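Residues per chain are reported as follows:
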Amino acid sequence: MNQTKLEAALIDAGVEYAKYIGEGAWHDAWKVSKDGCDLVLRIPKETVYGKRVSFNEEELQAEYAGTELYYRSVNQAVKGAAPEFFRFHVSEQLSYTLESFAGKHIDLHELTRAQAVETGKALGEIYRKTEEIPHGLDGFGYLHWTKDSGLRGSITGDVRRFLKEESEEHLSDYRELSETRPEFRDDTVSKALKLATELRERGFTQPLLSNQDASPENILINGTQVCLIDPFPNTYYPRGMAGNFMNLYETFFIALSETDRYKKHQFAKCASNLKAIADGFLDGYSDRDKQVAAEVRGEQLLQLLETAYSHFHLLSGQLTVEARIRYGDKQQIEARLSILAVELKTLAASEIRNLEKVLENGVSS
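Just so we're clear, the structure is a prediction, and the values are computed from it rather than from any experiment.

**Quick notes on the overall build of the chain**
And step 1. On a plain count of helices and strands, the chain comes out with ten helices and 14 strands.
And step 2. What you see for the chain is a C-alpha radius of gyration of 21 Å, in line with the 21 Å of a compact globule of 365 residues.
And step 3. Its C-alpha atoms give the chain principal-axis dimensions of about 60 × 45 × 45 Å.
And step 4. Across the 365 residues of the chain, 53% fall into the buried class.
And step 5. Here the contacts in the chain between residues at least 6 apart in sequence split such that 69% fall between residues at least 24 apart.
And step 6. Only carbon and sulfur atoms are counted for the fraction: they give 46% of the accessible area of the chain, which is about 17,400 Å².

**What to know about the sheet that holds strand E13 (residues 225-228)**
And step 1. Strand order in the open sheet formed by three strands is E8-E12-E13, with antiparallel pairing between adjacent strands. Whereas interior strands pair on both sides, the edge strands pair on one side only; in this sheet they are strand E8 (104-105) and E13.
And step 2. Bridge count between strand E12 (residues 219-222) and E13: four bridges; the pairing is antiparallel. Its bridge partner lying in E13, Ile 221 is registered against Val 226.

**Here's the deal with the packing of aromatic side chains**
And step 1. For the structure on display, the rule yields 22 aromatic pairs.
And step 2. Between Tyr 71 and Phe 86 the ring centres are 5.4 Å apart and the planes differ by 90°, which places this aromatic pair in the edge-to-face class. Here Tyr 71, found in helix H2 (residues 57-77), pairs with Phe 86, found in strand E6 (residues 86-89); they are 15 residues apart in sequence, far enough to count as distant.
And step 3. Judged by its relative accessible area of 2%, Tyr 71 falls in the buried class.

**Here's the deal with the sheet that holds strand E9 (residues 140-146)**
And step 1. Read from one edge to the other, the open sheet built from four strands follows the order E10-E9-E14-E11, with strand pairing classed as antiparallel. At either end of the open sheet lies a strand with only one pairing partner, and these are strand E10 (150-155) and strand E11 (208-211). Across this sheet, the average inter-strand angle for adjacent strands is 45°, counted without regard to direction.
And step 2. By the bridge criterion, four bridges tie E11 to strand E14 (residues 233-236) in an arrangement that is antiparallel. Considered in E14, the bridge of Leu 209 is made with Thr 235.

**Describing the pairing of E6**
A regular strand carries its side chains on alternate faces of the sheet.
And step 1. Two elements, E6 and strand E7 (residues 96-100), share four bridges in a ladder whose sense is antiparallel. Counterpart to His 89 in the pairing with E7 is Tyr 96.
And step 2. What sits between E6 and E7 in their antiparallel hairpin is a turn of six residues.

**Comments concerning the packing of helix H3 (residues 113-131) against helix H6 (residues 238-255)**
And step 1. The geometry of H3 relative to H6 is characterised by a closest axis approach of 11 Å and an angle of 170° between their N-to-C directions. With respect to each other, H3 and H6 are oriented roughly antiparallel. Crossing of H3 against H6: the hand is right-handed. Each of Leu 123, Tyr 127 and Glu 131 in H3 lies in contact with H6, whose residues at this interface are Pro 238, Arg 239, Met 241 and Phe 245.
And step 2. Across the contact of H3 with H6, the residue classes tally to five nonpolar, no polar and two charged.

**Comments concerning the environment of Phe 101**
And step 1. Here Phe 101 is to be found in the loop between E7 and E8.
And step 2. Residues Phe 101 and Val 40, spaced 61 residues apart in sequence, show a C-alpha to C-alpha distance of 5.5 Å.
And step 3. In contact with Phe 101, other than residues within four places in its own chain, are Lys 31, Asp 38, Leu 39 and Val 40.

**Some words on empty space enclosed by the protein**
And step 1. Evaluated as defined, the whole model comprises one cavity of 30 Å³ or more.
And step 2. What the largest cavity holds in volume is close to 90 Å³.
And step 3. The set of elements that each furnish at least two residues to the lining of the largest cavity consists of H2 and E7.

**Let's talk about helix H10 (residues 330-361)**
And step 1. Its 32 residues give H10 an end-to-end C-alpha distance of 45 Å, which sits within 8% of 46 Å, the value for a rise of 1.5 Å per residue.
And step 2. The largest bend along H10 measures about 45° and falls at Glu 351.
And step 3. Taking the backbone nitrogen of Gln 331 as reference, a side-chain oxygen 3.2 Å away marks Asp 329 as the first, capping residue of H10.
And step 4. Phi for Gly 362, located one or two positions after H10, is positive at around 90°.

**So, the side chain of His 311**
And step 1. Checked against the element boundaries, His 311 lands in helix H8 (residues 290-314).
And step 2. Among the polar contacts made by the side chain of His 311, one reaches the main-chain carbonyl oxygen of Thr 307 at a distance of 2.9 Å.
And step 3. Among residues more than four places away in sequence, those in contact with His 311 are Leu 256, Tyr 327, Ile 333, Arg 336, Leu 337 and Leu 340.

**Things to note about the side chain of Arg 181**
And step 1. Within the secondary structure layout, Arg 181 lies in the loop between helix H4 (159-180) and helix H5 (187-203).
And step 2. Classification of Arg 181 as buried rests on a relative accessible area of 13%.
And step 3. Only 2.8 Å separates the side chain of Arg 181 from the side chain of Glu 183, close enough to count as a polar contact.
And step 4. Engagement of the side chain of Arg 181 in a polar contact is seen with the side chain of Glu 334, the distance being 2.5 Å.
And step 5. Those residues in contact with Arg 181 that lie beyond four places of it in its chain are Phe 312, Leu 315, Glu 334 and Leu 337.

Criteria and cut-off values
Residues numbered from 1 in each chain as written. Predicted model: local features only at pLDDT ≥ 70, side-chain atom pairs only at ≥ 80, totals over all residues. Heavy atoms only, no water. Helix = DSSP H or I, 4+ residues; strand = E, 2+ residues; numbered from the N terminus. Rg over C-alpha atoms; globule rule 2.2 N^0.38 Å. Buried < 20%, exposed > 50% of the residue type's maximum accessible area, 1.4 Å probe, protein only. Contact = heavy atoms within 4.5 Å. Areas by Shrake-Rupley, 256 points an atom, 1.4 Å probe, with all protein chains shown as cover. Pairing = 2+ DSSP bridges. Phe/Tyr/Trp six-rings, centres within 6.5 Å; stacked < 30°, edge-to-face > 60°. Axes fitted to C-alpha atoms, helices over the stretch in contact; angles between N-to-C directions. Parallel < 35°, antiparallel > 145°, perpendicular 65-115°, else oblique. Left-handed = near helix turned anticlockwise from the far one by under 90°. Nonpolar A, V, L, I, M, F, W, Y, C, P; charged D, E, K, R; others polar. 1 Å grid on protein atoms, 1.4 Å probe; cavity = no way out; pocket = protein on both sides within 12 Å on 5 of 7 lines; lining within 4 Å. Points joined across faces, edges and corners; volume = space filled by probe spheres on them. Expected span 1.5 Å × (residues − 1). Bend = angle between axes of the 7 residues up to and from the residue. Polar contact = N/O pair within 3.5 Å; in protein donor to acceptor, adjacent residues only side chain to side chain.

Structure, rendered in structure tokens:
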């Protein structure tokens with residue numbers, strides 16, 4: 001980190017330097033203080049995944065304004081479940097964020113199963129209740145910002161048509177994968193994927209605000225309050241992000257635990273707690289509604305498919321530095337594909353009847 005930038009940020013934010021907390025994928029963070037209150041100062045890293053990062057005003061404005069919107073919405077839904085103070089500054093010379101210090105990171109290796117389930121349940125409730133808060137944005141998808149239009153969804157047009165086309169892409173990806181990789185050929189998987197795409201098209205109502213990045217790095221505990229930080233918000237079919245959460249905690253983090261990106265967390269050694277968090281999340285998010293649970297599991301199946309499909313395509317070309325950091329070398333990727341094939345078959349077999357039942361009984365809008 002450029003020391004000059006740090007000093008400039010401390011002066012501009014009007015805070016006193018306390019201590020370096022650590023780094024995420026995209027930012028370095030410091031615990032600072034102002035008027036006796038603890039805050040966190042984050043400054044964008046100059047090199048990310050082995051590549052120099054150029055200043056991009058629109059991307060930073062979208063990221064930080066999106067975070068501000070998400071924090072505000074979360075706190076309307078569940079007070080204290082996100083930092084209650086947040087401000088940011090963006091310029092080519094100096095960019096940073098400043099937010100409330102919201103607690104300590106969860107320790108996946110120290111949680112009991114009961115604590116892991118309760119943590120997941122709290123997260124599921126935060127997701128569900130935040131969706132109920134109107135976001136007021138035009139468009140849908142990942143968030144975009146321009147000087148003329150401000151913050152909005154990056155995609156315009158017919159959202160239902162977009163969802164249908166995305167579903168068709170999922171099925172096309174499975175056909176390509178199963179035609180090339182025999183271990184993925186399975187009638188139950190094929191049928192379950194079709195049911196999942198049908199369920200999402202029937203169940204979708206309108207784009208709602210959700211979060212793609214609730215990784216353990218971004219979950220804090222303040223007393224008994226679970227708090228989410230550093231989100232990656234979007235406005236789309238919210239069950240997709242709930243399904244993404246389930247895929248991350250039941251499969252992705254465990255399968256990629258030996259990569260440079262995740263090895264410091266030793267996820268494989270706390271796999272049971274990751275899965276317990278997923279169990280709690282589904283309970284808290286669905287509020288024990290079987291239709292909602294089936295919709296989430298259907299989206300999880302599609303997310304797991306895309307995890308496998310992205311691994312498959314990484315084998316076809318030269319791996320970038322970023323790909324090696326995030327996914328490992330080709331030998332590791334190849335070995336992981338076999339694991340993902342088993343996971344996909346297992347999930348499809350366990351959920352296909354639930355998907356059928358919900359579709360047979362009809363989907364409420």
